[in-house]
Each structure stands twice: as C-alpha cells, then as structure tokens.
Amino acid sequence: MNPLHTLPRLRLAAALIAAGLMLPAHAERQTYNFNPDWRLAVADPAEAAQQAFDDSAWKAVTLPRAWNEDDAFSKDIVDHSTGVAWYRKHFTLPASAAGQKVFIEFEGARQAAEVYVNGKRIGLHENGINAFGFDITAALQPGANVVAVRTDNSWDYREKATNQRYQWSDKNFNANYGGLPKNVRLHVTDKLYQTLPLYSTLGTTGVYVYARDFDIAGRRATIAAESEVRNEYPEARTFTYEVRIRDRDGKQVGQFSSPAQTVAPGATAVVKASAAVQGLNFWSWGYGYLYDVVTTLKVDGKAVDSVTTRTGFRKTEFANGMVKLNDRVIQMKGYAQRTSNEWPAVGMSVPAWLSDYSNGLAVASNANLIRWMHITPWKQDVESLDRVGMMQAMPAGDSEADVTGRRWEQRIAAMSDAIVYNRNNPSIVFYESGNRGVSEAHMQEMKALRDQFDPHGGRASGSREMLSTRLQQVAEYGGEMLYINKSARIPMWAMEYSRDEGARIYWDEYTAPFHKNGDGPPHKGQPAPAYNHNQDSHAIEDVKRWFDYWEQRPGTGTRVSSGGVNIIFSDSNTHHRGANNYRRSGEVDAMRIPKDGFYAHQVMWDGWVDVEKPRAHIIGHWNYTPGTVKPVTVVSSAERVELFLNGKKLGTGRQSERFLFTFDDVAWQPGELKAVGYDAKGKAICEAVLATAGAPARLRLTSIASPKGLQADGADLALVQVEVVDAKGRRNPVALNTVDFELQGPAEWRGGIAQGPNNHILSRSLPVEGGVNRVLLRSATQAGKITLRAKSSGLAAAELTLVSKPVQVKDGLSAQFPADGLPLNLQRGPTPATPSFQVSRVAVPVAAVEAASNQADAGNTVDDDETTKWASKPGEGSISFKLARPAKVSEVVLKLSGWRERSYPLRIEVDGKQVYEGMTPKNLGYVTLPLAATSGQTVRIALNGVADESNAIKLTEVANQSIADTGANQTPKGVLSIVEAEFYERP
C-alpha cells in the first residue's frame, strides 16, 4: 500500500500490555483476545469435552487456525480434508470477573462447532459462515476453566434439527478450511450491559451507530447511537447513556447523552442518543477515515459498561442508474473475490495486517469495490476494507440459485446475522440477496431485513440480475455476471465480468518457459484457451472486457452502466478450469505478486468515473534473446501513445478498446523501451519505461511485515520476497532459478507457491517465476532472532534477519488484538468536490415506436427493461423511432438479441437519409454505432441481410449455460431483434 497514517492506538495497545492487561479507566467492560493457547487434535475422542481430559499431547496452536491449512493450494478444493477436529483451551479469569457476565464470541467456524465449557454443552453453531457466541457465565468456576469445541467440516454436513444441507457448502467456490479459522474473543461485563451483535445465538443486536442529515461540503452530520441494553440484576436499574466520539488521533470531537431511563429486572431496552457534529472527515474510496464511538452506561454517575465501536461516516445514494458516495458519482470498478481470500499453506487465517496488505493492493490497483462471493466475509476482512477505504458488497450465503423452504430460511438467518454483526462497518455499501436472481417476494423479504436491522446505514439491498421492471421496483441494484446491463433506474453493475485465467510464470510466447497462449487441458471436453492465458493476453483481455463498461459509463446518457467487478483479485484455491489445480484468474498471484493485469486496471480505473490521473503501462518485460521480434502493447489512458527504443522513436500505437495501443513487429535491442502518452493537444502527460536487466548475479531478500513488527504470538506472519537481481540490483524478469531456503530461530516455515509438484506447498526449495517469488514465515510464541538464508546455484546467497516481539498472555488471555494499531489508508484524500465525469453525449427521448411487424412489442425497445424485446417477422425487420424532439443524431446504441454471438447487417436512416450501413460488432451487451451526425426526428433501423454468427465471443466458462444465454438460439438469422434502443446527440 501507499504511505499510511499510523494511529495512536498502537501506543495505547503497548501501554495496555505494559499495564498487565489493565484497560482504560472508563472501559469497565473487559474484552480479551481469546486466540492464544489452544490445543488441537484431528480426531474425535469420546471424552474430549470434559474438563479433566488430558490434551497435553495435542498440538499447541494460536487461533485463527484451520486444522487442514496444509491443503491450501496443495489440493484441489474438492479434495480438501474433512472430518472432526477438536480445539481445547485452558484459561483463568481474573478475580475481578467474579459475579459478572462472561460471553464467548467466535468470528466463525467451519462447518459446525459444538461448544463446551468445563464439560457442559453450551451450544451449537452450524452454518459455517457467521459469527456466533454464547453466555458461558453459568458454566464457569473459580480458577481454571476449559473451553472445548468439536468442529465438523464435512462437505455433506446436515443441520441437526432439519437434516437439511447448507446450499453454500459447495465444492465449487467455498474452500473448506476447517475448524476455527477465525478470531475468538471473551467479554466480561456488568450485569447491566450493552448486548453483543450475535443475533441467532444470543438473540441480541448490540450497538448501532450511524449518521444522517449530511452536509458533505460543510463537513457536518447528525451522529446517532443506539444500544440494546439488558438488565440481569434481580432489581430494576436506572441509568444514563453517554456517547463520545474520538477521531483517529484520539481527540474527542463530540459528546452527547440521553435522559435517564429504567430497565426492569430481566428486561431488555434500546436506548438512543444523537447530536450534530461538525468538522467530520467522511469515509471515502481510498480514504479509510474511522472514528471510535464510545457508548457508556452510567449508574449514579459511575460508568458500569462501555463499548467502543470503530466506524466511519459516509453518505450514499442509489438512483438514476448511478451510485453516489458523498454526493459524487462513482462507477463500480473492482473484483469479485472469493470470500476465503486465502494464501498458500495458510488458507484464510492470516493476521489482520496481511489482510490490509492484500486488500490495500486492490485499492492500489484503483479498485473501489470488492464483491465477496456467495458467503459473508469474516469480520477481519470487513474491518480491513474499512481501514483501506474499499467499498464492499456483502452476501448472505448461497450457491447458484434462488431456493425455497428451509434453505431459504437458512439464507434469511445468515443475512440477519450478517447485517447485525457488520452494520457499523462503513465499507459495506451493498447487501446481496443472491448470487443469482431471487424472486420478487424474496427480494421484499431481504429488504425488510435491511429495514429492520439497518434502516439508516445507507446500504442498497439487491441481488444479481434484477433486470425486469417489476424487480427493479423492489431491488435497489442489480446486474448480470458475464455481460453489461444498463438502467435509468437502479444502478446496474456486473457481478463478475471476466473469468479468464493465466499463470504469472508465463510472460508471453517469446519467453521461457514458452507458453503458447491458450495451450492447456480442455474444460468439460471443450478447448479452453480462455483459462490458459499468458500474462500478455490475460492483461489485454482485461482491457477489452472493461471497454464495454467504460463506454456506457455515467455521463454517456440517461441509461448507464454503473460498472462491474472482475473475477478475481488474487489466485484462489477454488474452482479452476486451467492447467493448475487452483484458480489463476487473479490480477495478483496467490502470494499477491502483481501480474500485468494489475497494472492494466491501475491505468483504466484511476478515477471515480472518468480517468482523472493519466497513466501508461507497457505490458511485459524487455529481456529477450537476440533476433526476437514481437508486438508491444501499451495500456494507457492518454489520447495517443508513442514508443521509443534507446531514444529512437518507433512510431505511434494503433489504438483499440480506447486503452490499448499496439506496436507491431518491434525488434528487440537491449536498453530502454519507453512509452509516452499525450493528451488531445499533444502534451506529454504520462510515460512508462522498461529496461533490460543484466545477467542474474545474486539473490535479494526483502521482508514485508506488520507495521507493528513481527509479533511472537504463534499466529503472526512475515511475508518475505526473494528476487534474482543483476550486478546493479535490478530484478531479472526472466530468471527461473530454484532457491533453497534455510530457516533458524523461533518461526515456522509455511513457504510459498510455484509451478511444480504439489505446487511446492511447504517445500523449502522453490523457483522464482519471472525473477521473483515470496514465502511465508509464522512466528512462534517465543520472541527472538529469526534468520532466513536463501541460496541458488551460480548466484550469491542472501540472508535476512527478523526479530519477533514478545506478546503478553496471562492465564490464556491477552489484551493485545491482531488489528490493534494498524494504520488507516488516507492516501487518496477526502471525496473531491468536483464532478466525476464530463457529459460526453446526451440521450434523446423517444415519443413513439412503429414496427413493420409485431407492433404490440415495439415499445419493449425503449422500456428500460432488458428482459423484454421486440423481434420482427422474417423479412420484415425494420422499426422506426419518432424522437420527442428534433435532434442532430450522432450515435445509436443497441442491445440486440444474441449480441455476443451475432453480427447484424443494419441500415440506419434519419428522416429518410442513410447515416449508417454495416455489420454490428459482437459485444458484451451494448453496441455503439457512430453515425454521420444528421438532424431529424425519425430514426429507422432495418435489417439489411442475414445475421452472421461466425467468430462469436465464446463464454463457455459457466456450468449452467442458461446463465450465458443471449437469445440467439431463439432468434432466426433473418429476424431483427432489439432489446433496447437509444439515440444520442453530442453535448
């Protein structure tokens, strides 16, 4: 990530440790990090729940830890190890906890977790997604206590009460990291307390903080806090409710309270307070500004319970086909990321700083949205996106279809839990009801959940698809997965628009290991070149796919595309179609090393809608063998690009898909290859350079670690980069050397990933790819000096020393949390006050439509409903549109049935004058046809021959081909079929 701003919370965390777990004076509630000192056994002993059970021979682990983490990227998802595993923990509460309430909170388990305390069964959680927790007060005893958790991650696990499987326990997308792969906390509270947001297991909703009455320009809003309060004293309690707001520097910027109220014994009440606050910094894209909102219950003026909610404030709007953030239109540009967000040999269970590193890279690629796929993300990733300034779409739990009966009830329960648990996280902007469309009734039900639990959070409730007029009247956003949708009503953005795969090891066809683009095994018996790209073609495909969304962006008319998300950001141990046993669709690989597609997105996406910062990137490298002649492709947002080799101009690039500039038959010479981008006036505005590196000379090791330093907690990780560099320290981009590693000191080798047997998972020898690779080291629970040595035949060796820092744990409890002290990414700055786009064309409304045949359906072409269409009779393929006013028509935009497979020969006239004749290009939904700008009021579109279906854009990557159906099979070639028609003039 770019430079970050460090919070004083780091100093606070250090002070807490030094004070021996003492919390700030005003925080009467004690919340402990419950991750340390667990024992793990992959077995099912009969007496493992009992307090006296001997677990001394079990493996000592620090959570979060999946018991089958070794499987991550070494096995195909369908082969992930499953079964029963037990986790046990011994702990002792401080004497001050006597007579208080004690709750255990798990951020999640996979799939089911049965919890015992001192041999007493406390409860069962089964859905494998959501956070859960239990009141364990009655099961505790003075002195030593034991928590035991029996987990079962069987793929076919069935809900005990109903014998129903969970739809999202799916071997396609839901990598099965079993056991307790998420964080655990312990809460000790007064008997008058603010509840926890654990809806299904505790039946409670916790604290809700939100803003309203925004004045973005004036930096003002009304901040409101609501706490659900429970009184478990045998008598009534009267209390006051106080709210304090602290900024990122710890400065108090607001304080307000509510009048005293009384809660009866055993009763629960919701208490509220609000006030106008000035001088606010609004959370925004790339500006993860967060506040601590402290809500306190006071009895007779004394604080008895205090909760700190980390949150941010931002304004959203979803209307007119667009999304606004803080009053500025923003087009969705991002990634559909697998919720596991995993790493090799570790799975999803990484420290919070590494989540920030990964998610921060996505922001650095100029993405603004992560659409988590199928299941709710864990809290650590949710909070990470808060810090880095990335919007997110939060699903409940599903697979590839709407469901009924108990399975729908399971989804509703999952969404209820997810909303309650995550409604204070400002990065969540969308609630997703289904990975495929849901019915109108189900959409209504999901919206009602949002209105019940999060009525003021500024979040749109929607689903994939939602294309019809009827559904758009219920849903608040929608969009398909493989093609572009537009609307003048709710925002439409693509849920996953590019599923191609390519391994980072393959630069191009001219570089060892000489991967001919597209070579690889068939997928389901069909050729699968889309899943076996090299970096060149994968990046170029990324640009081509985005072009359709860019062309129909806000500012291009009344009906617009609100963007989309590319699947995926990082290579994932989930469903794959290419040569490897994991998915390589990522713009970074599994170790988060960027591919060329990363930089292509960085160029195209550097703006809220229009590109605001011009960039250029030369795809590939410049280390070839003599005699190599190859095309050079530059991705740039400039209007024109020139290429220079060692100062000599080679020419001007051939522009396509707006951002692609191609230079054919460039003869390689060692030296410097430079691309210079120019604006429309000929001014140089950006450049990119590739330089030839010298022969490999030595290895270089570089540590990427937490800004807090490596913590000796048994769970922290160090990410170490290894490079092959020349005598001048420049990475050699074609090096493939095998590197042998030696590790000494209190750390555990987790290794990296590379092409080869078992993907080199956990191997201490693995090759660099393109001159670079990375490995992971896990800290031990003992602090000390850690030395990593790397050697490779013919190269000078490298050595790196790390020193892990001690972490205080007392009686199984710690006051130091994984996310404490992590910085906020404020690099992009607050939301700009300027418009995010220039109007590039103006839509001319249609007053009437007259068709040569099937007149009853003619209005479907202008109804802003992509589920309806007009289709002519054979031989009668013409339709006329009377515009609402005379206009100088310059473009026609059409969505034609079979747009991906079919080119239509069309003739277009304006008031009888021909302005276009030709074949429509195949596209991902909408085709823009430039006209000879002509004034008139009637536009006639006619089929001028027979449609052509050669060279169709093939999308064979989906299991259910009905998802990819464009209507071509239902439309004879001699028929003109229009889904939507739009007419434009220049502004």
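What counts and what doesn't
Residues numbered from 1 in each chain as written. Predicted model: local features only at pLDDT ≥ 70, side-chain atom pairs only at ≥ 80, totals over all residues. Heavy atoms only, no water. Helix = DSSP H or I, 4+ residues; strand = E, 2+ residues; numbered from the N terminus. Rg over C-alpha atoms; globule rule 2.2 N^0.38 Å. Buried < 20%, exposed > 50% of the residue type's maximum accessible area, 1.4 Å probe, protein only. Contact = heavy atoms within 4.5 Å. Areas by Shrake-Rupley, 256 points an atom, 1.4 Å probe, with all protein chains shown as cover. Lys, Arg positive; Asp, Glu negative; His and termini not counted. Charge placed at Lys NZ, Arg CZ, Asp CG, Glu CD. Salt bridge = Lys/Arg side-chain N within 4 Å of Asp/Glu carboxyl O. Phe/Tyr/Trp six-rings, centres within 6.5 Å; stacked < 30°, edge-to-face > 60°. Lys NZ or Arg CZ within 6 Å of the ring centre and 35° of its normal. Pairing = 2+ DSSP bridges. Axes fitted to C-alpha atoms, helices over the stretch in contact; angles between N-to-C directions. Expected span 1.5 Å × (residues − 1). Polar contact = N/O pair within 3.5 Å; in protein donor to acceptor, adjacent residues only side chain to side chain.

1. Things to note about the overall build of the protein chain
Phase 1 of the analysis: When its secondary structure is counted, the protein chain shows 9 helices and 54 strands.
Phase 2 of the analysis: Its C-alpha atoms give the protein chain a radius of gyration of 29 Å, within 12% of the compact-globule value 30 Å for 987 residues.
Phase 3 of the analysis: With the C-alpha coordinates aligned to their principal axes, the bounding extent of the protein chain is approximately 90 × 70 × 55 Å.
Phase 4 of the analysis: Burial statistics for the protein chain: of 987 residues in total, 64% are counted as buried.
Phase 5 of the analysis: Taking all contacts inside the protein chain whose residues are at least 6 apart in sequence as the whole, residues at least 24 apart take part in 73%.
Phase 6 of the analysis: Of the accessible surface of the protein chain, which amounts to about 33400 Å², a share of 49% is contributed by carbon and sulfur atoms.
Phase 7 of the analysis: Of note, the protein chain has its 111 positive side-chain charges centred 3 Å away from the centre of its 109 negative side-chain charges.

2. Topic: helix 9 (residues 596–604)
Phase 1 of the analysis: Extensive coverage of helix 9 is indicated by the burial of 8 of its 9 residues.
Phase 2 of the analysis: Of the residues making up helix 9, those classed as buried are Asp596, Gly597, Phe598, Ala600, His601, Gln602, Val603 and Met604.
Phase 3 of the analysis: Along its buried surface, helix 9 packs onto strand 24 (332–338), helix 3 (352–364), helix 8 (535–551), strand 29 (563–566), strand 30 (616–618) and strand 31 (629–636).

3. Focus on the pattern of salt bridges
Phase 1 of the analysis: Applying the stated criterion across every chain yields a total of 67 salt bridges.
Phase 2 of the analysis: Salt-bridge contacts for Asp44 lead to Arg150; the nearest nitrogen and oxygen are separated by 2.8 Å. Of this pair, Asp44 sits in the loop between strand 2 (38–41) and strand 3 (59–61) while Arg150 sits in strand 10 (residues 144–152); the two residues are 106 residues apart in sequence, bridging distant segments of the chain.
Phase 3 of the analysis: With its nearest N and O atoms 4.0 Å apart, the salt bridge here joins Arg504 to Glu769. Note that Arg504 is positioned in the loop between helix 7 (469–472) and helix 8 and Glu769 in the loop between strand 43 (765–767) and strand 44 (772–779), a separation of 265 residues in sequence.
Phase 4 of the analysis: Residue class for Arg504 comes out buried when judged on its relative accessible area of 6%.
Phase 5 of the analysis: Three or more residues are tied together by salt bridges with common partners; here these are Lys486, Arg489, Arg559, Asp864, Glu866, Lys895 and Glu982.

4. A closer look at the packing of aromatic side chains
Phase 1 of the analysis: A complete count under the given rule lists 33 aromatic pairs for this structure.
Phase 2 of the analysis: Centre to centre, the rings of Phe34 and Phe91 are 5.0 Å apart; their planes meet at 80 degrees, and the pair counts as edge-to-face. With Phe34 in the loop between strand 1 (30–33) and strand 2 and Phe91 in strand 5 (residues 84–92), this residue pair connects regions lying 57 residues apart in the sequence.
Phase 3 of the analysis: Residue Phe34 is classed as buried on the basis of its relative accessible area, which comes to 0%.
Phase 4 of the analysis: Both rings, one in Tyr289 and one in Tyr291, keep their centres 5.1 Å apart while their planes meet at 50 degrees; by these two values the pair is tilted.
Phase 5 of the analysis: Among the residues examined, Tyr291 registers a relative accessible area of 1% and is labelled buried.
Phase 6 of the analysis: Taken together, the ring pairs in this structure connect Tyr335, Tyr497, Trp546, Tyr549, Phe569 and Trp605 into an aromatic cluster.
Phase 7 of the analysis: The ring of Trp550 carries Arg553 above its face, with NZ or CZ at 4.1 Å from the centroid.
Phase 8 of the analysis: Over the aromatic face of Tyr678 sits the side chain of Arg640, whose NZ or CZ is 4.4 Å from the ring centroid.

5. Focus: the pairing of strand 31
Phase 1 of the analysis: A large share of strand 31 lies buried, amounting to 6 of its 8 residues.
Phase 2 of the analysis: Examined bridge by bridge, strand 30 and strand 31 share 3 bridges and lie antiparallel to one another. The residue bridging Ala616 from the neighbouring strand is Ser636, located in strand 31.
Phase 3 of the analysis: Where strand 31 and strand 35 (residues 660–667) come together, 6 bridges link them in antiparallel fashion. When the sheet's bridge partners are listed, Val632 is paired in strand 35 with Phe663.

6. Things to note about the sheet that holds strand 31
Two modes of strand pairing occur in sheets, parallel and antiparallel, and in both the strands are linked by backbone hydrogen bonds.
Phase 1 of the analysis: Reading across the sheet, the 4 strands line up as 30-31-35-34 and stay open at both edges, with antiparallel pairing between neighbours. Pairing within the sheet leaves two strands with one partner each, and these edge strands are strand 30 and strand 34 (654–656). Shown here is a sheet whose adjacent strand axes are inclined to one another by a mean of 25 degrees, direction ignored.

7. Considerations on helix 8
Phase 1 of the analysis: Taking 1.5 Å of rise per residue, the 17 residues of helix 8 would be expected to cover 24 Å, and the 25 Å separating its terminal C-alpha atoms lies within 8% of that figure.
Phase 2 of the analysis: With 14 of 17 residues buried, helix 8 lies mostly within the body of the structure.
Phase 3 of the analysis: The opening residue of helix 8, the one whose side-chain oxygen lies 3.2 Å from the backbone nitrogen of Asp536, is Asn534.

8. Points about the side chain of Ser365
Phase 1 of the analysis: Topologically, Ser365 is positioned in the loop between helix 3 and strand 25 (369–373).
Phase 2 of the analysis: You can call Ser365 buried: its relative accessible area is 0%.
Phase 3 of the analysis: Looking at Ser365, its side chain comes within polar contact range of the main-chain oxygen of Ala362, at 2.6 Å.

9. Quick word on the side chain of Asn366
Phase 1 of the analysis: By the element assignment, Asn366 lies in the loop between helix 3 and strand 25.
Phase 2 of the analysis: With relative accessibility at 3%, the residue Asn366 sits in the buried group.
Phase 3 of the analysis: Excluding anything up to four places from it in sequence, Asn366 contacts Trp285, Lys333, His601, Gln602, Trp605, Asp606, Arg615 and Arg828.

10. Remarks on the sheet that holds strand 42 (residues 747–751)
Phase 1 of the analysis: Taking strand neighbours across the sheet as the criterion, the 4 strands line up as 38-40-44-42 in an open arrangement whose pairing is antiparallel. This sheet does not close on itself; its edge strands, each paired only once, are strand 38 (698–704) and strand 42. Neighbour-to-neighbour, the strand axes of this sheet turn through a mean angle of 30 degrees, independent of strand direction.
Phase 2 of the analysis: As judged from the 4 bridges shared by strand 42 and strand 44, these two strands associate in the antiparallel manner. Across the sheet, the residue bridging to Gly751 is Leu776, located in strand 44.
Phase 3 of the analysis: Against the sheet, helix 3 engages strand 38, strand 40 (717–725) and strand 44, with an angle of about 45 degrees to strand 40.

11. Side note on unusual backbone geometry
Phase 1 of the analysis: Ala512 connects to Pro513 through a cis peptide bond whose omega is 10 degrees.
Phase 2 of the analysis: Secondary-structure assignment places Pro513 in the loop between helix 7 and helix 8.
Phase 3 of the analysis: A cis geometry characterises the amide bond from Ile567 onward to Ile568, with omega recorded as 10 degrees.
Phase 4 of the analysis: Notably, Phe73 is not glycine yet its phi reads approximately 75 degrees, a positive angle.
Phase 5 of the analysis: In this fold, Phe73 is placed in the loop between strand 4 (65–66) and strand 5.
Phase 6 of the analysis: Overall, the relative accessible area of 0% leaves Phe73 in the buried class.

12. Overview of the pairing of strand 5
Phase 1 of the analysis: Counting buried residues along strand 5, 7 of its 9 residues qualify, which places the element largely inside the surrounding structure.
Phase 2 of the analysis: Where strand 2 meets strand 5, 4 bridges bridge the pair, whose relative direction is antiparallel. Paired with Arg39 across the two strands is Arg88, which belongs to strand 5.

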